[in-house]
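# Structural overview
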Amino acid sequence: MSAASCLLTEDQFLCSICLDVFTDPVTIPCGHNFCNACITEHWNVNVPYQCPNCKKLFYTRPELQVNTFISEMAAQFRQSAQQKTSSSSSEQQAAKPGEVPCDACTGTKLKALKSCLVCLVSYCETHLEPHLTMSGLKRHQLIDPVENLEGRMCTKHDKQLELFCKTDQVCVCMLCTYSDHKTHDVVPLEEEYVGKKAELGKTETEIQQMIQKRRLKIDEIKHTVELSEEDADREIAEGVQVFTALKESVERSQAELIDTIKEKQRKTEKQAEGFIKELEQEISELKKRSTEVEQLSHSEDHLHLLQSFRTLNTAPPTKDWTGVRVSPPSYEGTVVRAVNQLEETLSKQMKKLFEAELKRVQQSAVDVTLDPDTANPHLILSDDGKQVKFGDVKKKLPDNPERFDTHINVLAKQSFSSGRFYFEVQVKGKTEWYLGVVRESITRKGNIPLIPQKGYWTIWLMNENEYRAFTGPPVLLSLKSQPEKVGVFVDYEEGLVSFYDVKSAALIYSFTGCCFTEKLYPFFCPGLHDGGKNSAPLIISPVNHTE
């Protein structure tokens, strides 16, 4: 029996109806073999009676004959397969959480290697072997193991989903194309798979590009943080250096003040000690004379008293102390002079600080030119867009929405919505001007209050030497000198607008805590003629970093 079984192929032990190893095999008159239950059920459903293999018709239901030879061979084959399965199972790994288990394993569920779309079963290596070796099973479609194979069947027709409806964007079976999707655009799954896979490839490329952009943005942000950290460290170092110098200046001035006051006090004490010593010497002499006088007054010797009287009756030589005084030193102004001297030192330090700060903000210099489309008709602009002054004659210009119609203002062409920018304007020889920045949505028609609430951050010179910051109400500015060139610096993210006297490197005024949400434009107003006193133009100057 063993030798005979070696001559038989595994296909000969399969029922052509259930495609599994024979169970209770029987033979029908044409000679073909089937499982008793399979052929019985087949003939219960299909009439007339026909052989599933050779299609031979039987007009009466044939009597089924048990095939003992096939039965014994199938049993032996099944036993051999079970032993092989048991031996193979010990080498394979059990399915772990998240892995697809073999549906054919009865004990420990092994990891599935493939899923069959025809059987709707997932198989481990052992149970997959029939699909790899038996001709009837080789035609089945195998895929990488997946769960929920039932989801690959049409719930309505219980057929495999093998088509794709492009109209409804759903997977359908063949019978669906004759009912609900009869007039729809239906294509094979493979065709739609190719198209969708191409789209996924394109999507994957786009996603990778987005990832790369975001990685670059992360690098950019990290680099910005590194630069910010370097700036912070440098600023801290400079600040510590400055405050250390200031502290030393204060301590030195304090020590000098104390020394000055103590020196005055020492001179007073020395003078007083001299007077006291001289007085004590005179007192000593007077005491000595007093003792001699007292002794003489008790003498009974007439001649001795008369002879000594002239000498003792005359007072010893002494100083007239009536006008002698010790005047306390005057400390008036000592502290004030020391503080004034300290103030001069601090002013020098502050000047150095402002010079360094101005050099830093000048690194953000931008090229600015005037926009004629925003200029009031009375304004005269230079051809290069760098100068503006007031003209007596009102020009006939289009009253476009961007143009100022009442106030004699003009904006720059350039706008800024992030980062830092800086520009300088020469104001020498003028008695009135306005400078600053404005947001894009400002009102440009009619009377305009130039305050931050309306989108204006500006300073103003009026009456030749009266400077104000328009903060609503305006703040009067106290300047040591009249600026000839004004620098305007903006840090958009910081919400800062600062004005500098470029020549003296002094801070004029800063708007802080501003909230910018739209584009900012440089703003200029040269003021009226003022009887010819204010005829000089405002000039946008190139930034000289060495000033």
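Further up the page is the structure itself.
Below is a summary of the structure that appears in this document. (Residues numbered from 1 in each chain as written. Predicted model: local features only at pLDDT ≥ 70, side-chain atom pairs only at ≥ 80, totals over all residues. Heavy atoms only, no water.)

## So, the overall build of the protein chain
What the protein chain contains, in helices and strands, is eight helices and 24 strands. A compact globule built from 547 residues would reach a C-alpha radius of gyration of about 24 Å, whereas the protein chain, at 56 Å, exceeds it by more than 25%. For the C-alpha atoms alone, the extent of the protein chain along its principal axes is close to 195 × 95 × 35 Å. For the protein chain, the residues scored as buried account for 32% of the 547 residues in total. Taking the contacts inside the protein chain whose residues are at least 6 apart along the sequence as the reference set, 56% of them involve residues at least 24 apart. Total accessible area on the protein chain is roughly 34,700 Å²; 53% of this is exposed by carbon and sulfur atoms. Averaging the positions of the 65 positive and the 78 negative side-chain charges in the protein chain gives two centres separated by 4 Å. (Helix = DSSP H or I, 4+ residues; strand = E, 2+ residues; numbered from the N terminus. Rg over C-alpha atoms; globule rule 2.2 N^0.38 Å. Buried < 20%, exposed > 50% of the residue type's maximum accessible area, 1.4 Å probe, protein only. Contact = heavy atoms within 4.5 Å. Areas by Shrake-Rupley, 256 points an atom, 1.4 Å probe, with all protein chains shown as cover. Lys, Arg positive; Asp, Glu negative; His and termini not counted. Charge placed at Lys NZ, Arg CZ, Asp CG, Glu CD.)

## So, the packing of aromatic side chains
Taken as a whole and assessed by the stated rule, the structure comprises 15 aromatic pairs. Arranged with centres 6.0 Å apart and planes meeting at 65 degrees, the rings of W43 and Y49 form a pair that is edge-to-face. Note on W43: relative accessible area 2%, which makes it buried. A residue is classified by how much of its surface remains accessible, and Y49, at 18% relative accessible area, is buried. Three or more aromatic residues joined by ring pairs make a cluster, and in this case those are W43, Y49 and F58. Sitting over the face of the ring of W321, K319 holds its NZ or CZ atom 4.7 Å from the ring centroid. (Phe/Tyr/Trp six-rings, centres within 6.5 Å; stacked < 30°, edge-to-face > 60°. Lys NZ or Arg CZ within 6 Å of the ring centre and 35° of its normal.)

## A few points about the sheet that holds strand β18 (residues 466-469)
With antiparallel pairing, six strands are arranged side by side in an open sheet as β14-β23-β16-β17-β18-β19. This sheet does not close on itself; its edge strands, each paired only once, are β14 (410-411) and β19 (475-477). Both strand β17 (residues 456-462) and β18 contribute to a ladder of four bridges, which runs antiparallel. The residue bridging M462 from the neighbouring strand is E466, located in β18. (Pairing = 2+ DSSP bridges.)

## Things to note about the sheet that holds strand β11 (residues 186-188)
In any sheet, the strands associate via hydrogen bonds between backbone groups, in a parallel or an antiparallel arrangement. Strand order across the open sheet formed by three strands is β10-β9-β11, with antiparallel pairing between neighbours. Either end of the sheet is taken by a strand with one partner, and the two such strands are β10 (170-172) and β11. With direction set aside, neighbouring strand axes in the sheet form an average angle of 35 degrees. Here three bridges tie strand β9 (residues 163-165) to β11, and the two strands are oriented antiparallel to one another. Among the inter-strand pairings, C165 is bridged to a residue of β11, identified as V186. Packing against the sheet, helix α6 (residues 189-297) makes contact with β9, β10 and β11, and its axis sits at approximately 90 degrees to β11. (Axes fitted to C-alpha atoms, helices over the stretch in contact; angles between N-to-C directions.)

## Observations regarding the side chain of T471
Considering the arrangement of structural elements, one finds T471 in the loop between β18 and β19. A polar atom in the side chain of T471 sits 2.6 Å from the backbone oxygen of P473. Setting aside residues no more than four positions away along its own chain, T471 makes contact with P452, Q453, Y509 and F511. (Polar contact = N/O pair within 3.5 Å; in protein donor to acceptor, adjacent residues only side chain to side chain.)

## Regarding the nonpolar core
The tendency in soluble globular proteins is for nonpolar side chains to be buried as a group. Counting 51 residues, the largest nonpolar core has W433, F523 and F524 as its most contacted members. Considering each element in turn, this core owes the most residues, six residues, to β17. When residues no more than four places from it in sequence are discounted, the contact partners of W433 are V427, I459, W460, L461, Y467, V486, C525, P526 and L538. Grouped together as the second largest cluster of nonpolar side chains are 21 residues, L14, I28, C38 and A74 included. (Core = buried A, V, L, I, M, F, W, Y, C linked by side-chain atoms within 4.5 Å.)

## Topic: the pairing of β17
The element β17 is extensively covered by neighbouring structure, given that seven of its seven residues are classed as buried. Residues Y456, T458, W460 and M462 of β17 are buried on one face, and the alternating residues W457, I459 and L461, pointing to the opposite face, are buried as well. Hairpin connection of β17 to β18: three residues between the antiparallel strands, including N463 at a positive phi of 55 degrees.

## Side note on the packing of α6 against helix α7 (residues 302-313)
In a pair of packed helices, the angle between the axes and the distance between the axes together describe the arrangement. The N-to-C vectors of α6 and α7 enclose an angle of 155 degrees; their axes lie 11 Å apart at closest approach. In terms of orientation, α6 lies roughly antiparallel with respect to α7. By crossing handedness, the relation of α6 to α7 is classed as left-handed. Contacts from R289, E292, V293 and L296 of α6 reach α7 at H304, L305, S308, F309, T311 and L312. Each residue belonging to the contact of α6 with α7 can be placed in one class, and the counts come to five nonpolar, three polar and two charged. (Parallel < 35°, antiparallel > 145°, perpendicular 65-115°, else oblique. Left-handed = near helix turned anticlockwise from the far one by under 90°. Nonpolar A, V, L, I, M, F, W, Y, C, P; charged D, E, K, R; others polar.)

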